[in-house]
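# Notes for the structure review
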Amino acid sequence: MSVDGEVRQLRTEADEPGWEVDPDDEWGVAVVATVGRQLKLRREAVGMRAGEFGQAVGYGEDLVYKIEGGKRIPRPEYLDMADEVLGAGGLLAAMKEDVAKVRYPKRVREIAKLESQAVEAGLYSNHNVHGLLQTEEHMRALFDAWLPAYSDEETERMVAARMARRSIFERSPAPTISFVQEEVTLRRPVGGRMVWRRQLERLLELGELRNVSVQVMPTEVEDHFGTGGLIEVLKFPDGTAVGRSEGAFSGRPVTDPKQIRILDLRYSMIRAQALTPRESRAFIEQMLGET
């Protein structure tokens, strides 16, 4: 029973896969420990026991202790409810942004930070639909097919991180984003027919955004400049850029202007070889009609 008399199913650890703290992520461990300590101090300051507080926010007592002990990452709604129940005046809820980043694997966190700052992004993908374009169902199907198999916790963390990166489409002012996708990545029915259809529909939906272009590279193109694999180039307001490619500079991120120009040139040539955004839309619509 919650404090307002509403019957509530309490969340337990079994209900919370993917919210563990990565012990190798020093920054993440520090953030979660700090947040947990603040939650505990606030709870004790108002004289609430852990069990009583758990009832109020819909969490089991054991999970409350784990969150306060820095062993579990609190959900955003947990911090919102805690803020309200404990009368923190927004101080606990304000921690949501940093806490959300903790769920990202360290490598993904660095990518997400760069994406959040970019004013222009050029992204070419030839193995799978680019992560920023994927539906949640598509993501899960890809992760489920990985070998060796990911645990449920690992899958949840990766899905959450990839979903969070999609905020790039909601930024204001909006960055200019262009995607080039190999035809084969759109024809592979990842996750089954319905998941595949929804993925194609998602591509059409994003392609309607004024700041986003989606182009398809037909398989029949003979002289193809994308055989080196994935290319990503992010450009920032101060004129700097960062890029990477599987087929250049050992696949590592680069910032040197000469190296960026090489990646820019390759990506520009790939875009020129691909179908135009209008042609690509018609192509994807035709694929949808065939499914």
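In this numbering scheme, every chain counts its residues from 1 along its sequence in written order. Predicted model: local features are reported for residues with pLDDT of at least 70 only, side-chain atom pairs are reported and counted for 80 or more only, and whole-chain, interface and lining totals are derived from all residues. With hydrogens and water excluded, all non-hydrogen atoms of the structure serve as input to the side-chain values.

## Topic: the packing of helix α1 (residues 26-45) against helix α3 (residues 61-68)
The interhelical angle for the contact between α1 and α3, taken along N-to-C directions, is 120 degrees, at an axis separation of 7 Å. Put simply, α1 runs oblique to α3. Taken together, the residues of α3 that come into contact with α1 (itself represented by G36, R37, L39, K40 and R43) are Y65, I67 and E68. Axis lines are fitted to C-alpha atoms, over the contacting stretch for helices. Their N-to-C directions set the angle, which ranges from 0 to 180 degrees. Strands are runs of DSSP state E lasting at least two residues, helices are runs of H or I lasting at least four, and both sets are numbered from the N terminus onward. These descriptions rest on fixed angle ranges, namely under 35 degrees for roughly parallel, over 145 for roughly antiparallel, 65 to 115 for roughly perpendicular, and the rest for oblique. Only heavy atoms enter the contact rule, under which two residues are in contact if any of them lie within 4.5 Å.

## Considerations on a negative patch on the surface
Residues enter patches when they are more than 30% accessible in relative terms and free of salt bridges; like-charged ones are connected within 9 Å and nonpolar ones (Val, Leu, Ile, Met, Phe, Trp, Tyr) within 5 Å. Here the open area of atoms and residues is found with the Shrake-Rupley method and a 1.4 Å probe, where only the protein chains shown may cover a residue. The working definition used for a salt bridge is a side-chain nitrogen of Lys or Arg within 4 Å of a carboxyl oxygen of Asp or Glu. Charged residues are defined here as Lys and Arg on the positive side and Asp and Glu on the negative side; His and the ends of the chain fall outside this count. Every charge is mapped to an atom, namely NZ of Lys, CZ of Arg, CG of Asp or CD of Glu. There is a patch of like negative charges on the surface, built from D144, D152, E153 and E154. Examining the composition of the negative patch, we find that three residues originate from one element, helix α8 (residues 152-165), more than from any other. Following the sequence through the fold, D152 ends up in helix α8.

## Brief notes about helix α6 (residues 106-117)
Helices are assigned an expected span. That span is 1.5 Å times one less than the residue count. Over its 12 residues, α6 extends 17 Å from the first C-alpha to the last, a length consistent with the 16 Å expected when each residue adds 1.5 Å. Among the residues of α6, V108, R109, I111, A112 and E115 are the ones counted as buried. Buried positions in α6, seen along its axis, are confined to an arc of 165 degrees and lie on one side of it. Seen from the open side of α6, the exposed residues pointing more than 90 degrees away from its buried face are R107, E110 and K113. Packed against the buried residues of α6 are α1, α5 (96-102), α8 and β4 (231-235). The buried label applies to any residue whose accessible area, calculated with a 1.4 Å probe on protein chains only, is under 20% of its type's maximum; exposed applies above 50%, and partly exposed to all values in between. Directions from the helix axis toward the C-beta atoms define the arc.

## Description of the packing of aromatic side chains
For Phe, Tyr and Trp, rings pair up if their centres lie within 6.5 Å, where Trp contributes its six-membered ring, and each pair is then called stacked (planes under 30 degrees apart), edge-to-face (over 60) or tilted (otherwise). Going through the model one piece at a time under the given rule, you end up with five aromatic pairs. Measuring from ring centre to ring centre gives 6.0 Å for F143 and Y150, while their planes differ by 80 degrees; the resulting arrangement is edge-to-face. Overall, F143 belongs to the buried group, its relative accessible area being 9%. Residue classification places Y150 among the partly exposed residues on the basis of a relative accessible area of 28%.

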